[in-house]
Every structure is written in C-alpha cells, then in structure tokens.
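The residues making up each chain are set out below.
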Amino acid sequence: MNEFGRRSFLAGAVGVVGVAGSIGAAAVTAGLAGCGSDATGGGGGPGNGGGSAPADAPRGTGGSDEDGASDKDGASRDSGGRSREDGEVLPSELPLPAAFVAPLPIPPVRRPVDGRIEIAQRVGRARILPGLDTPVFGYDGIFPGPTIETRRDEPVTIVHHNELPVPTVTHLHGGHTPAEHDGWPLDLLLPAATEPMSWLRHGMPGNAVVGTREHVYPMRQRAATLWYHDHRMDFTGPQVWRGLAGFHLVRDAEEDALRLPAGRRELPLMLCDRSFDARGRLLYPSVDPSLRQLPGVERHWLDGVLGDVQLVNGAPWPVVEVDAARYRLRLLNAANARRYRLAWQPGGEFLQVGSDGGLLAAPVGHREIDIVPGERFDVVVDFGGYPVGSEVTMVNRLGEGRMAEVMRFRITSAATGPNPPVPDRLGTVEPLRPPAGAPTRKWRVTRGQNRRTDPHSSWTINDRPFDPSRDDATARLGEVERWLVTSDLHHPLHVHLDPFQVLSRGGRRPLSTDAGWKDTVDLRPGERLELAVRFADYSGRYVFHCHNLEHEDMAMMAVLRTAS
C-alpha cells in the first residue's frame, strides 16, 4: 500500500457491502483502491507512460505566476501580448489523420420505453483513427454515448449499470433534477464486479452503490440541448476524456410548433479534442493511469489538457454531405479545457435559436461563437447561401495549426422538401431581475495559493478548495439572487440544478452570446460577471464549479445547499 493508501486507510474503515446493496451515507472515497485497469490503455503522458513533461518543457500557457491581461475579445494574453490557451497541448505519438475524410457519425437515439432507459457503462472499441481500434469507456460501450430523447413533463428513469473497472458518477448537465439524482461527485456507482472489501471509506458525504443506479428525472423543464457525462470526484477529467459523454435532448410542444429543421437536417455536434499514443489508445497525463487511487494530472498539465486531434461526434475532422437548405446544429463543447471560437470559411452566419437552457425569445445572428467547455449553442445554418458543389468549413479561430479547423460541410444537392424560415419569435423567456435587497453573493474563481506545494488544491473558489463536507452557501428556493463572479483566467462556470441569466460583464451589457437561460458561462480574465440566479423545487446539496475538467478535479468546486 502506498502513502496515499495508508492515509486513506487510517482515515476510515474498510467498507463491507453487498454486491447489490448501498454503502450508505458514509461515502467511499472517489480515489479508491482495487478497481482500476489499463483496459483503455494510454493513461500516461507522451512517450513514458507516466505523463511527465521533459524538464525543459514550456509552462502551461494558462498558469503562469503573473495574471494575464484581457484583450477586448476576452482572450488571455501573456506578457508578450500573444494569445494563450487555457492549458497545455499533449502531443500524440503517431501521425495525425487526414482532415475531411472520415464521415460524420450520428450517435444512435434512445427514447424511453414505459418511462425507462437502461444503459451499460462498459469498455468498448471505437474506430477513431484509420486502421486502429481505440479502447474507450462508453455509455453502451460507444463514444459518444447514445443520444437520449425525452419530453417535457414526462418523467424518465435512466438505469445505469457499471461494467467498467472504475467507479462512475453520472450527471445530467443542465438537468432540473432532485439532489439525490443529480450526480453528486461522491454518489459513486461502483463496478459490478468489485470485491466489496477492497473499497475504503473515510467519512465523506455521499451515497455509493454497487453495480446499478437509477436516476429519476422529472423533466420539469423546457426543451433544451442537455448532455450527460461522468462526474466522479477527482477523476472527471480522465473519465470524460476516455469517452463518458453523450447528448440528452429535451423536446416540448412550444419547440415543435416552430418547425425548426428536423430529421436528417438536425445534427447534434459534440466537439472535443483528444490525443493518442502510438497504438491508437487515448493518451492522458494522469498521475495514476489506473484511475484507482491518486487523482490529478502531471504538473505540466495542471492548467488543462489540450489534445491535438479535433473530434466531432468521435470522428477526426469529419465531413458531412448536406443539401442547400437550413440545418439545425446543436453545438456542444465537450472538451476538457479547450475553448473554441467557431466561424465559417468562406464566411457565413450562425442563427442562434437556443442556449444552454432552451429557446431564446428571438433568434440572434453571430459571425463567430465563443463556446467554452460544457456550453451549448442551438443554431440554424442556411446552406442555401452557398452554391451546390461548394464546401464550407467550420473553423476555430482560437486554434493553431491543425486545431484551427473543426469539420467540413459539402453542399451536394439543391434543397428538397420543406425548408421553412426561422420564426421571428421563438420561446417565452422570463426576464430574471433581482429585486432591491436581494441576496448578493461574491465569488472569486482563482488559482490556489498553495498550488506549488499541494497540486490537488491548485484551483479554488473564494480561496478555498472543494470540501464535500462543507456548505459554501445556502439559497432559499424561489428567491432571486445576484451573483458577482470574478476570475483570474478563463474559467467556464457551471451551476447545477437551475439555469441563470447574465445581467452584465464588467459593468457593461452582456455579450450577444450570453442571451437566454445559461447554466455554463465563460468567466473572462479580470472581468466581473453579474448573474441573476434562482433555484426552484428541490432542496438539497448541489455543486457549482469550473468546467475546465482539470481545474474541477483539482478542487475548483463549491457546495450550494438549497432549502425552503
């Protein structure tokens, strides 16, 4: 037993559970012994299996000791005025695949049968790179997982079976969900094949079960683009990187009446970046590649892990054939740390119809869209503005080299069938405004002061690392609050349970991309963000956190208790 294991054992007792039973209120630690496997391989860093950067490697570009200045676009700048990423690139160990060759995959759709959906979390193999099979952690063994479709006010129970070699926690990102079904980071679903005596307990609040967990979602929420992903404390980054992510689309009558593009003209697009070892396995700089005990990444990647292969729906730089018609693109940034500034080459517009929390009141046009990890944009693109036979490339203006391109659309035929315009009015969006005397909370989302000596506390909220036994705030259900949030670098802030609205940025009006109901928003360097926040319906303990997953795993998370 290593030093971490000795400390864990001394902190609590060995847990004795039944294979189908609940471990109860005293949680199993998220970094547990006896479960890991290198089944997916590629867990270590480049070339040495352990993720160590060379001694002369450059510092992570998002984590110098000097605060970065912010330009007018909010891009972080180093002392030389150059734009810098929020992390460090992890180079692949094999030649990168050609762009615009792989066809765009569309994940299979799962709808409830008698109000239930069953999903098996298991190791699968994905053909991501030409001629190579990549082991993944997948919902139903695939990456991305199946797209779940549900309807407003029609409750659904999603039953997850853990056949993986590691514990998992499933969070419905954007879900209006009771606390016990939200995906609390310590509500572990332990592997079905586990030896009960191998799990260590040390008093953290959570409810761990073995093999199977039911998540009950009332679906009391608007139509929206949600997604589900792993949320295991300390290990979210590597487990999402290995494939535990999928779309969850909520539909309702209000959206149906708009006649937005549907069927083959509605494309869910999961954007993320990954790196690969010489055998085509996913490469990630975990301190413990087995994901059994020691959390975190090698120090060189504390600011965030950036891949050098752009994936959309699990395919590298894919291409899709479209006709000269309007298409609905549901954009999701499922990257661990990478931000995108999406645009069209050779020019064009995104007509935004929805945000994280559903339909906007009216469509908003953008030439560019900045989208941060966890964020979603629901847009309509009119490919009728391009000649048949032409090609249009979605590009990333924050990317460099190969990562400056995302995917390509080939306009192969004229439009046939219905192709109605987007209505001028979309959904009903209640303006959320804190009244006089409303509770005001101030949050500072910054680097930890002890990050050099304690990497696990590298990132903090209000100068405190995450402590699951501590409540950082208590909010009264139904009460509108004002949140004032400041940041040192780019941090995508995600709030569980309910969406919010952006009131101002730096004392000025919000960005056009801040419109509507949000649950994830880009905190820009040195800028104060003013939010209107209201929680409803469910009492309990929830988290809010940075959705740069390396920051989240390194303790940039806080606990909010809601109460009536």
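Anything mentioned here points back to the structure above.
Conventions and cut-offs
- Residues numbered from 1 in each chain as written.
- Predicted model: local features only at pLDDT ≥ 70, side-chain atom pairs only at ≥ 80, totals over all residues.
- Heavy atoms only, no water.
- Helix = DSSP H or I, 4+ residues; strand = E, 2+ residues; numbered from the N terminus.
- Contact = heavy atoms within 4.5 Å.
- Areas by Shrake-Rupley, 256 points an atom, 1.4 Å probe, with all protein chains shown as cover.
- Pairing = 2+ DSSP bridges.
- Salt bridge = Lys/Arg side-chain N within 4 Å of Asp/Glu carboxyl O.
- Buried < 20%, exposed > 50% of the residue type's maximum accessible area, 1.4 Å probe, protein only.
- Core = buried A, V, L, I, M, F, W, Y, C linked by side-chain atoms within 4.5 Å.
- Polar contact = N/O pair within 3.5 Å; in protein donor to acceptor, adjacent residues only side chain to side chain.

## Points about the overall build of the protein
Right, on to step 1. The secondary structure content of the protein amounts to four helices and 38 strands.
Right, on to step 2. When contacts within the protein are restricted to residue pairs at least 6 apart in sequence, long-range pairs at least 24 apart make up 79% of them.
Right, on to step 3. Summed over its atoms, the accessible surface of the protein is roughly 20300 Å², and 51% of this surface lies on carbon and sulfur atoms.

## Digging into unusual backbone geometry
Excluding glycine, a negative phi dihedral is what most residues carry, and trans is how most peptide bonds are arranged.
Right, on to step 1. Residue phenylalanine 143 is joined to proline 144 through a cis peptide bond whose omega torsion reads -10°.
Right, on to step 2. Mapping proline 144 onto the fold places it in the loop between β7 (134-139) and β8 (147-151).
Right, on to step 3. The peptide bond linking glutamine 345 to proline 346 adopts the cis configuration, its omega dihedral lying at 20°.
Right, on to step 4. Position of proline 346 relative to the elements: it lies in the loop between β22 (340-345) and β23 (350-355).

## Regarding the sheet that holds strand β15 (residues 245-251)
Right, on to step 1. Taken in spatial order, the five strands make up an open sheet running β5-β8-β15-β14-β10, and their pairing is mixed. One side of each edge strand has no neighbouring strand; the edge strands of this open sheet are β5 (109-110) and β10 (170-173).

## Quick look at the pattern of salt bridges
Two side chains bearing opposite charge may form a pair once their charged atoms approach each other closely.
Right, on to step 1. Inspection of the entire model under this criterion finds 41 salt bridges.
Right, on to step 2. The residue arginine 338 makes a salt bridge to aspartate 273 at a minimum N-O spacing of 2.8 Å. Note that arginine 338 is positioned in the loop between β21 (326-333) and β22 and aspartate 273 in strand β16 (residues 266-274), a separation of 65 residues in sequence.
Right, on to step 3. The exposure class assigned to aspartate 273 is buried, which follows from its relative accessible area of 0%.
Right, on to step 4. In this structure, arginine 326 engages aspartate 382 in a salt bridge whose closest nitrogen and oxygen atoms are separated by 4.0 Å. Taken as a pair, arginine 326 in strand β21 and aspartate 382 in strand β26 (residues 376-382) lie far apart in primary sequence, 56 residues in all.
Right, on to step 5. Aspartate 382 sits in the partly exposed class, given a relative accessible area of 35%.
Right, on to step 6. Through salt bridges that share partners, Arg111, Glu149, Arg251, Glu255, Glu266, Arg328, Arg330 and Asp378 make up one connected network.

## What about the sheet that holds β21?
The strands that make up a sheet are held in pairs by hydrogen bonds between backbone atoms, and each pair lies either parallel or antiparallel.
Right, on to step 1. The mixed open sheet is built from seven strands, whose spatial order is β19-β18-β16-β21-β26-β23-β24. Pairing within the sheet leaves two strands with one partner each, and these edge strands are β19 (315-316) and β24 (358-366).
Right, on to step 2. Summarising the sheet, β23 and β26 pair through three bridges and their orientation is antiparallel. Following the sheet pairing, leucine 351 is matched in β26 by valine 380.

## Quick look at the pairing of strand β14 (residues 224-230)
Right, on to step 1. The element β14 is largely enclosed, with a buried count of seven among its seven residues.
Right, on to step 2. Across four bridges, the pairing between β10 and β14 is antiparallel. Paired with threonine 170 across the two strands is aspartate 230, which belongs to β14.
Right, on to step 3. Looking at chain direction, β14 and β15 are connected through six bridges and run antiparallel. In the sheet register, alanine 224 faces β15, and the bridge partner there is valine 250.

## A short note on the nonpolar core
Right, on to step 1. Counting 89 residues, the largest nonpolar core has Leu269, Leu329, Leu331, Trp344, Met394, Phe409 and Trp483 as the members making the most contacts within it.
Right, on to step 2. Those residues in contact with methionine 394 that lie beyond four places of it in its chain are Leu269, Leu329, Leu331, Leu342, Ala343, Trp344, Phe350, Glu405, Val406, Met407 and Phe409.
Right, on to step 3. Counting 19 residues, the second largest nonpolar core, distinct from the first, contains Val166, Leu226, Val250 and Leu291.

## Brief notes about the environment of leucine 342
Right, on to step 1. Within the secondary structure layout, leucine 342 lies in strand β22.
Right, on to step 2. With relative accessibility at 0%, the residue leucine 342 sits in the buried group.
Right, on to step 3. Sequence separation of leucine 342 and arginine 367 is 25 residues, and the distance between their C-alpha atoms is 8.4 Å.
Right, on to step 4. When near neighbours in sequence (up to four residues on either side) are disregarded, leucine 342 contacts Leu271, Leu331, Phe350, Arg367, Glu368, Ile369, Ile371, Met394, Val395 and Val406.

## Focus on the environment of glutamate 118
Right, on to step 1. On the secondary structure map, glutamate 118 appears in strand β6 (residues 116-126).
Right, on to step 2. According to the relative accessible area criterion, glutamate 118 is partly exposed, its value standing at 40%.
Right, on to step 3. In sequence terms glutamate 118 and valine 159 are 41 residues apart; their C-alpha atoms lie 4.7 Å from each other.
Right, on to step 4. Beyond its immediate chain neighbours, meaning those up to four positions away, glutamate 118 contacts Arg110, Asp140, Val159 and His161.
Right, on to step 5. A distance of 2.6 Å separates a polar atom in the side chain of glutamate 118 from a polar atom in the side chain of histidine 161.

The quantities given are spatial measurements derived from coordinates; they are silent on function.
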